[in-house]
Every structure is written in structure tokens, then in C-alpha cells.
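Take a look at the letters that make up each chain.
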Amino acid sequence: MPRREELPKLLGVFLYKSPKMLLKISWRYLKVKKQAQRAEKAFRQQLEDGGMDPEAAARLAEKYSSTVSLRQMMKEVGAPGKIMNLMGKK
């Protein structure tokens, strides 16, 4: 654990670095999300071409792509229930 004298310096470094780091993480998440959307569309199309009912194919494809959902990721890492409840309200 850092000494008390080092805390202001560490906090300054954190505040300096965090916006750039948050931007990078967000950008990567958006890229992965877009790839998942494309994969969902292709998967749904393949199911429909194979003879599956379009409604059932859409539900299955949505389930397939839900693994890239931010809400699903937060549930997997154990985000507190209060945060999840706030995110669910629209």
C-alpha cells in the first residue's frame, strides 16, 4: 500500500491517465459490439436460408449476440444489483 505522502501524486497520475484509458476501452468495446451485430445479421440470414422460421431465427440470433451486451458483462463480473436496476429503467 502506498504511503500517505504518495497518494496525491498517485491520484494525479490516475486522473491524468484515466480519460485516455476510458476512451480506449470504450472504442474497443464499440468495435467488438459492431462485429457482434454483423455476426448476428449473418447468423440470422444463415438460419433463415436453412429453412428456419424468421421469427425464431431472429430470437436465436439475438441470444447469440447478447454476449457482447454491457449489461450482460456487468452481470458476469458481479456488478451490484442497484447499478443493474438503474440501468434497467428507461
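Residues numbered from 1 in each chain as written. Predicted model: local features only at pLDDT ≥ 70, side-chain atom pairs only at ≥ 80, totals over all residues. Heavy atoms only, no water.

**Student:** Quick rundown of the overall build of the chain? Include the residues and the values.
**Tutor:** When helices and strands are counted, the chain shows four helices and zero strands. Helices and strands in the chain line up, N terminus first, as α-α-α-α. Counting across all 90 residues of the chain, residues that qualify as buried make up 10%. For the chain, contacts bridging at least 24 residues in sequence account for 34% of all contacts bridging at least 6. (Helix = DSSP H or I, 4+ residues; strand = E, 2+ residues; numbered from the N terminus. Buried < 20%, exposed > 50% of the residue type's maximum accessible area, 1.4 Å probe, protein only. Contact = heavy atoms within 4.5 Å.)

**Student:** Tell me about the packing of helix 1 (residues 7-49) against helix 2 (residues 54-65), and name the residues and values.
**Tutor:** Orientation of helix 1 relative to helix 2, taken along the N-to-C sense of each, is 150 degrees, at an axis distance of 9 Å. Comparing their axes, helix 2 and helix 1 come out roughly antiparallel. Here helix 1 and helix 2 pass one another in a crossing that is right-handed. In contact with Ala-36, Ala-39, Glu-40, Phe-43, Arg-44, Leu-47 and Glu-48 of helix 1, helix 2 contributes Pro-54, Ala-57, Ala-58, Leu-60, Ala-61, Glu-62, Tyr-64 and Ser-65. When the residues that make up the contact of helix 1 with helix 2 are grouped by side-chain class, the tally is ten nonpolar, one polar and four charged. (Axes fitted to C-alpha atoms, helices over the stretch in contact; angles between N-to-C directions. Parallel < 35°, antiparallel > 145°, perpendicular 65-115°, else oblique. Left-handed = near helix turned anticlockwise from the far one by under 90°. Nonpolar A, V, L, I, M, F, W, Y, C, P; charged D, E, K, R; others polar.)

**Student:** Give a description of the pattern of salt bridges that names residues and reports values.
**Tutor:** Close approach of charged atoms allows side chains with opposite charge to pair. All chains considered together, the criterion is met by three salt bridges. Between Arg-3 and Glu-5 there is a salt bridge whose closest N-O contact spans 3.3 Å. As a salt-bridge pair, Glu-55 and Arg-59 come within 3.2 Å of each other at their nearest N and O atoms. Placement of the pair is Glu-55 and Arg-59 together in helix 2, with a separation of four residues, close to one helical turn. A single burial state applies to Glu-55 and to Arg-59, both of which are exposed. A network of salt bridges, in which partner residues are shared, links Arg-3, Glu-5 and Glu-6. (Salt bridge = Lys/Arg side-chain N within 4 Å of Asp/Glu carboxyl O.)

**Student:** An account of helix 1 is needed here, citing residue identities and associated values.
**Tutor:** A rise of 1.5 Å per residue sets the reference length of helix 1, with its 43 residues, at 63 Å; its end C-alpha atoms lie 60 Å apart and thus fit the reference within 8%. Remark: the principal bend of helix 1, roughly 35 degrees, maps to Ser-18, with a proline, Pro-19, within the next four residues. Residues of helix 1 that are buried include every one of Ser-18, Ala-36, Glu-40 and Leu-47, and no others. Downstream of helix 1 by one or two residues, Gly-51 has phi in the positive range, about 105 degrees. (Expected span 1.5 Å × (residues − 1). Bend = angle between axes of the 7 residues up to and from the residue.)

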